[in-house]
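So you can see what is in the structure, the chains are spelled out below.
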Amino acid sequence: MIRHKNDYLNETIIAEVGSVHDGSFGNACKLVELAASCGADIVKFQTHIASQETLKNAPQPPYFRGEPRYDYFERTSFNNNEWRQLKKICEINNVTFMSSPFSIKAIAILEAIDTKIYKVPSGEINNIPLIEELAKIGKPVLISSGMSSWEDLDLAVNILSKKCPTAIMQCTSIYPCPPEKVGLNIIPEMRKRYGENILIGFSDHTKGFNAAIAAATLGANIIEKHFTFSKHMYGSDASLAMEPDDFKILCKELKLLWRSLKSPINKNDLNDLMDMKSIFEKSIVSARDIKAGEIINLKDLAFKKPGTGIPTKDYKKLIGLELKYDIPFDHLFNKKDFL
């Protein structure tokens, strides 16, 4: 593998619109605007050409049986001009346009509008002609691992990483994905297997927040989440997607998390905490009125805020010392009090 500059994809949040627009160009434009306002960096679509990717009698997935797949892809697809306009809407809203092509002809459509980044869908991982076509183009490619074995991934990564900036997205193609099938353990395994030249991401098919946050904590540089106006919309992905209010929270929390992860601290550097230490920690004070010449023992000592005097951890050093002068109850001891 050769080293590629993938830094621009680091700490990236993808709003996966897919086909949730249900074929409405207006809905697609509005989804871009809304995803951008929530904090997405990339808005991703799916470019389907029914005649190029599926037989008319191909089976439907268990989570959506509303209409035959061929009819659904044909009905919800956009023409070349609409794709061009969608990319422009993304640019206006300062997000990157991305799409998953499901055929070589779909790649040609996306290349015609100068698409900057591609994603290999889970079901295309063994579509080597499509992957080789993307490698020829040489633009950044994200690989979805949802249906793949290590052998499948190795082959795709080997083809693409020689020619393209490459990232791999851990995901599980179960909709919705239950917690026990998320596969968070795969993220560090991918990092170890493919090294620092490949960015690792997470495509989240769960219904909540925790998997995405955990993935980022484990080292995922890219987080993708299905995005919708409402879970009640018709279509294959809407019921499994995240609505805007929640997506906005997710974006905010992920960006704060990444900020924390890239800001290690030195546990011995307490400069920022000195004021708090003086307020909340305790010092050694007198437990009673004590006369000059008395020898200090444990019952003479109490431990109270603030922490501006002799630290309580040093109490044993005071036992057996002689006082220079009389001190009152609750006196904050200092070294000058003793002979």
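Just so it is clear, the structure is predicted and the values come from calculations on it, not from any experiment. (Residues numbered from 1 in each chain as written. Predicted model: local features only at pLDDT ≥ 70, side-chain atom pairs only at ≥ 80, totals over all residues. Heavy atoms only, no water.)

Q: I would appreciate a short explanation of the nonpolar core in the present structure.
A: Here is a general trend for soluble globular proteins: nonpolar side chains tend to be buried in one another's company. With 69 residues, the main nonpolar core has Phe45, Leu86, Leu160, Ile223 and Phe247 as its most contacted residues. With 8 residues, helix α1 (residues 25-38) is the largest single contributor of residues to this core. Apart from the residues lying within four places of it in its own chain, the contact partners of Phe45 are Glu16, Val17, Gly18, His21, Ala28, Val32, Trp83, Leu86, Phe97, Met98, Ser99 and Ser100. (Core = buried A, V, L, I, M, F, W, Y, C linked by side-chain atoms within 4.5 Å. Buried < 20%, exposed > 50% of the residue type's maximum accessible area, 1.4 Å probe, protein only. Helix = DSSP H or I, 4+ residues; strand = E, 2+ residues; numbered from the N terminus. Contact = heavy atoms within 4.5 Å.)

Q: Explanation requested: the pattern of salt bridges in the structure shown.
A: Where charged atoms from two side chains of opposite charge approach closely, those side chains can pair. Per the stated rule, a full pass over the model turns up 19 salt bridges. With a shortest N-O distance of 2.7 Å, Arg75 and Glu67 are connected by a salt bridge. In this structure Arg75 comes out as partly exposed when scored by relative accessible area, which is 36%. Its salt-bridge partner being Lys317, residue Asp314 comes within 3.6 Å of it at the nearest N-O pair. (Salt bridge = Lys/Arg side-chain N within 4 Å of Asp/Glu carboxyl O.)

Q: Looking at this structure, I do not really get empty space enclosed by the protein. What am I missing?
A: Empty space among the atoms becomes visible once a probe the size of a water molecule is rolled across them. Counted under the stated rule, the structure contains 1 cavity of 30 Å³ or more. Together, Cys171, Thr172, Cys177, Val182, Phe202, Ser203, Asp204, His205 and Thr206 line the largest cavity. Grouping the amino acids of the lining of the largest cavity by side-chain chemistry returns 4 nonpolar, 4 polar and 1 charged. (1 Å grid on protein atoms, 1.4 Å probe; cavity = no way out; pocket = protein on both sides within 12 Å on 5 of 7 lines; lining within 4 Å. Points joined across faces, edges and corners; volume = space filled by probe spheres on them. Nonpolar A, V, L, I, M, F, W, Y, C, P; charged D, E, K, R; others polar.)

Q: Would you mind showing me how to read helix α10 (residues 244-261) here?
A: Along an α-helix, residues three or four apart share an orientation, since each turn contains 3.6 residues. In this model α10 runs 25 Å from its N-terminal to its C-terminal C-alpha over 18 residues, within 8% of the 26 Å that 1.5 Å per residue would give. Taken residue by residue, α10 has Pro244, Phe247, Leu250, Cys251, Leu254, Leu257 and Trp258 as its buried positions. Seen end-on, α10 carries its buried residues on one side only, within an arc spanning 145 degrees. Residues Asp245, Lys248, Lys252, Arg259 and Ser260 are exposed on α10 and point more than 90 degrees away from its buried face. Packed against the buried residues of α10 are β1 (12-18), α1, α9 (210-217) and β8 (222-226). (Expected span 1.5 Å × (residues − 1). Arc of directions from axis to C-beta.)

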